[in-house]
Structures are given as C-alpha cells and as structure tokens.
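What follows is the residue order along each chain.
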Amino acid sequence: MKIKNLKIGQRLALGFGGDRTENVLWRLQHGEIDGLAPKAVVLMIGTNNSNGKDNTSDEIAEGIEAIVKEIHKRSPKTKVLLLAVFPRATGKDKDAQAAQTAKINAINDRIAKLDDGGKTVKYLDIGKKFLATDGSIPKEIMPDQLHLSPKGYRIWADAVAPTLKELMGS
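Nothing here was measured: the structure is a model prediction, and the numbers come from that model. (Residues numbered from 1 in each chain as written. Predicted model: local features only at pLDDT ≥ 70, side-chain atom pairs only at ≥ 80, totals over all residues. Heavy atoms only, no water.)

Colleague: Can you lay out the packing of aromatic side chains for me, pointing to particular residues and giving the numbers?
Modeller: Taken as a whole, this structure holds three aromatic pairs when the rule is applied. Ring geometry for F86 versus W156: centroids 5.0 Å apart, planes at 85°, classification edge-to-face. In this pair, F86 sits in the loop between β2 (79-83) and α3 (94-111) while W156 sits in helix α4 (residues 150-168), placing the two residues 70 residues apart along the sequence. Take F86 and W156: they sit in the same class, and that class is buried. Every member of this aromatic cluster is reached through a ring pair, and the members are F86, F130, Y153 and W156. (Phe/Tyr/Trp six-rings, centres within 6.5 Å; stacked < 30°, edge-to-face > 60°. Helix = DSSP H or I, 4+ residues; strand = E, 2+ residues; numbered from the N terminus. Buried < 20%, exposed > 50% of the residue type's maximum accessible area, 1.4 Å probe, protein only.)

What follows is the structure in structure tokens.
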C-alpha cells in the first residue's frame, strides 16, 4: 500500500485489528511509509503476539525492535513514541493470568531499553492508568479485558499527548 497526497499536519493511522509484529514489519518493508517523513510515529504493538504460547517475550521484543529499526531505516528523522504493551487479562485461571502478566512485563522491560531520551525513541508505559487499585482491569476501560472502551481511548490519548507534543517539537 502506497500512501499518496498526505499533507503537512495530517495524521495517518496504520494500525489494523489483529495486527501482530510480523504484519507491521512486512508492511513497512513493502513500502507502507515510503515517501513519507513523519515527525513522529506512535508505536503500540505486541499484545496480539502475546496470547498464550503464540510467541515468547524475547520473540515479541525482537519484533518490536525490528519495527523501530525499519522505521528509522525508511525515515531516519522520525521519532518513535514507543508504548509499552498494555495490560490484559486472560479470562482464565490465576496461573495463566500470572504467566500473561509476566510475559508482558518481560517484553516491556526489554523494549524500554530502546529509549534514548527521545532523540530517536521515547518509551512510555501508561499501563497502570488502565488498572484499578487492586491491579484488575475495570470493565468500563476494557470491557473484554483487552480492547479499550471510549473511556480507555480517552485515557490513552490524554496520557500520550504531552510526550507526543514534546517529540513533535511544538
């Protein structure tokens, strides 16, 4: 897919339901942002790879690292606002939930190291904003314990806006 006629100041959403790291990487390698030079990209990927035993935390983190590298290869001046993988619930037993949480924490620990203070990558973990004080995920924020409600999207937007504004230089 080639993006044409994008004007300065416009925003472009390139995320798709069910996206996995390999999908994003493939699209980037096949021209998705060729010809564009965005000031900033907000990258939040990995949760769809993390379900059960789909991929290990290292495989997911490697995929995210490859995406960041590919963005910079194709658009060297673009800054990446790299978001931590959001918390999610498995809907299964306590052991399955603990494994899921541990996997997400391991991914986030590794990708946090890509942060260079915002020169090229700024890592931001807003996951706690989606949690109740007891660590659970409120249904009014994530009705199915994975996908955000309108309230969840508002929390997300409000949480990233200051950092994104800073990266954009305005």
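Next comes the rest of the write-up.
Colleague: If you had to explain the sheet that holds strand β1 (residues 40-43) to someone new, which residues and values would you point to?
Modeller: Taken in spatial order, the three strands of this open sheet run β1-β2-β3, and their pairing is parallel. Taken across any chain shown, the strands that pair with only one partner, and hence form the sheet edges, are β1 and β3 (121-124). Between one strand and the next, the sheet's axes are offset by a mean angle of 15°, whatever the strand orientation. As paired elements, β1 and β2 share four bridges and run parallel to each other. If you follow L43 over to β2, its bridge partner there is L82. (Pairing = 2+ DSSP bridges. Axes fitted to C-alpha atoms, helices over the stretch in contact; angles between N-to-C directions.)

So, to be careful, I would describe these as geometric facts and stop short of saying anything about function.
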